[in-house]
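Residues per chain, in single letters:
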Amino acid sequence: MPNLSLNRRAVLAAPALLLTGLGARAQSAPASAQRRKVVLALGGKTALYYLPVTLADQLGFFRDEGLDVELRDHAGGSLARQSMVDGQADVVAGAYENTIFLRQTGPSATAFVFFSRAPQMVFGVSNRTLHDFRSPTQLRGRRIGITARDSSSHWFTSLVLARARLTSADVNLVGIGNTVAAVTALRDGQVDAIANIDPVISLLEYRQDIRVLWDTRSLRGTKDFYGGLTPGGCLYARQDFLLRSREVVQGLTNAMLRALKWLQTAGPGDLVKAVPEAYMYGDRAVYLAAFDKSREALSPDGMVSEESIATAHRVLAGQEFMRQPARPISPGATYTYDFVRRAPARS
């Protein structure tokens with residue numbers, strides 16, 4: 001169960017959405033006619049995983065960079081990734097593993113700013129239908145809820161199954177997204193296990209609906225599961241977009257770094273003011289406790305360690321979901337810190 005040490009009464013009494021301070025910031029932003037339009041795809045924008053993106057949008061940091069960013073939401077990270085591949089989105093916010101996957105399947109994409117240094121993915125089993133769970137081998141033939149196929153939750157599930165020498169073919173994978181519908185799917189018995197992110201997981205923990213088996217919301221949990229640190233979320237784009245739209249990419253990077261800096265000192269009241277009420281799924285206290293639990297997963301500077309990058313490539317190499325390699329494994333081709341290093345001091 002998540003730590004609900006925060007004063008629940010105070011949290012619930014806080015205003016639902018106080019954005020009065022945002023108007024002043026908007027006055028200094030460029031006129032809308034001068035802003036560059038950018039379509040940023042993501043897989044479930046209400047998830048805590050995407051909190052830095054949400055804040056860059058809600059607090060006007062994108063606008064301050066002269067950008068008109070459309071957050072185009074999808075039911076899972078794989079759908080967001082495909083929208084970029086199909087030319088419907090310019091940039092994607094999602095798991096770093098997507099750049100490794102695209103390196104093998106094409107077209108290549110590059111991460112240019114990291115907003116988390118841990119995957120924040122959690123795997124748990126239903127206390128109702130798997131109350132006697134003792135081993136991953138018991139997952140054979142069971143229904144496992146993932147956000148979408150070929151998404152990071154699917155890949156995380158594949159790594160869990162591999163521990164019991166099982167594959168995705170040995171279970172029934174069910175796409176349930178990462179919204180309140182995923183909570184309902186587990187509680188109603190539509191799935192027996194779940195791979196998902198917060199606040200979905202914390203809502204299930206709070207009601208004792210699941211037993212968490214593997215948890216990468218913390219750096220320690222990430223090391224325990226992967227055998228080392230591995231990256232979480234990032235903004236990534238096709239290499240041709242990075243080359244022809246460098247000013248746009250720099251603006252996105254600057255805005256994300258401002259959001260990460262803002263989060264380093266943000267308290268519960270700050271989040272309640274900035275995050276849309278609907279993103280909290282009806283329980284602010286659980287949402288804020290979930291944020292507190294995964295706070296260390298945030299990247300403080302838009303980067304992750306080289307060790308972390310190497311771990312991701314090592315773990316994913318040869319996994320069932322990587323398919324037949326189209327290009328040689330090359331960690332340096334999947335990310336760049338050029339834009340982070342060029343960010344102004346104010347970021």
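Because the structure is predicted, anything quoted here is derived from the model rather than measured.

Quick notes on the rules
Counting from 1, residues in each chain are numbered in the order their sequence is written. Owing to the predicted nature of the model, reporting of local features is limited to residues with pLDDT of at least 70; listing and counting of side-chain atom pairs is limited to 80 or more, with chain, interface and lining totals taken over all residues. Excluding hydrogens and water, the side-chain values take into account all heavy atoms of the structure. A pair of strands counts as paired when DSSP detects no fewer than two bridges linking them. Secondary structure elements are taken from DSSP: a helix is a run of H or I of four residues or more, a strand is a run of E of two residues or more, and numbering for both begins at the N terminus. Only the contacting stretch of a helix is used when fitting its axis, a line to C-alpha atoms as for every element, and angles between N-to-C directions run 0 to 180 degrees. Whether two residues are in contact is decided by their heavy atoms: any pair within 4.5 Å suffices. pLDDT is a residue-level measure of predictor confidence that goes from 0 to 100. For this document, the term salt bridge refers to a Lys or Arg side-chain nitrogen within 4 Å of an Asp or Glu carboxyl oxygen. Exposure categories follow from relative accessible area, calculated using a 1.4 Å probe and restricted to protein chains: below 20% of the type maximum is buried, above 50% is exposed, and the middle band is partly exposed.

Some words on the sheet that holds strand β9 (residues 210-215)
Picture the strands of a sheet paired through backbone hydrogen bonds; they go either parallel or antiparallel. Spatial ordering of the open sheet is given by β7-β6-β8-β5-β9, a layout of five strands whose pairing is mixed. Among the strands making up the open sheet, the edge pair consists of β7 (172-175) and β9. The sheet shows a mean angle of 25° between the axes of neighbouring strands, direction not considered. The pairing of strand β5 (residues 122-126) with strand β8 (residues 193-196) spans four bridges and is classified as antiparallel. The residue of β8 that forms the bridge with Val 122 is Asn 196. Here helix α8 (residues 180-187) sits on the sheet and contacts β5, β8 and β9; the angle it forms with β8, its principal contact strand, is near 165°.

Some points on the confidence of the model for the protein
Model confidence for the protein is summarised by a mean pLDDT of 88, while 87% of its residues fall at 70 or above. Low confidence marks residues 1-32, where pLDDT is under 50. Its contacts with residues over four positions away, or in another chain, come to 52 contacts.

Here we look at the pattern of salt bridges
For the structure on display, the rule yields 14 salt bridges. Among the ionic pairs, Arg 217 bridges to Glu 205, the shortest N-O distance being 3.1 Å. Within this pair, whereas Arg 217 is found in the loop between β9 and α10 (219-226), its partner Glu 205 is found in helix α9 (residues 200-206), the two being separated by 12 residues in sequence. Take Arg 217 and Glu 205: they sit in the same class, and that class is buried. Through salt bridges that share partners, Asp 198, Glu 205, Asp 215, Arg 217 and Lys 293 make up one connected network.

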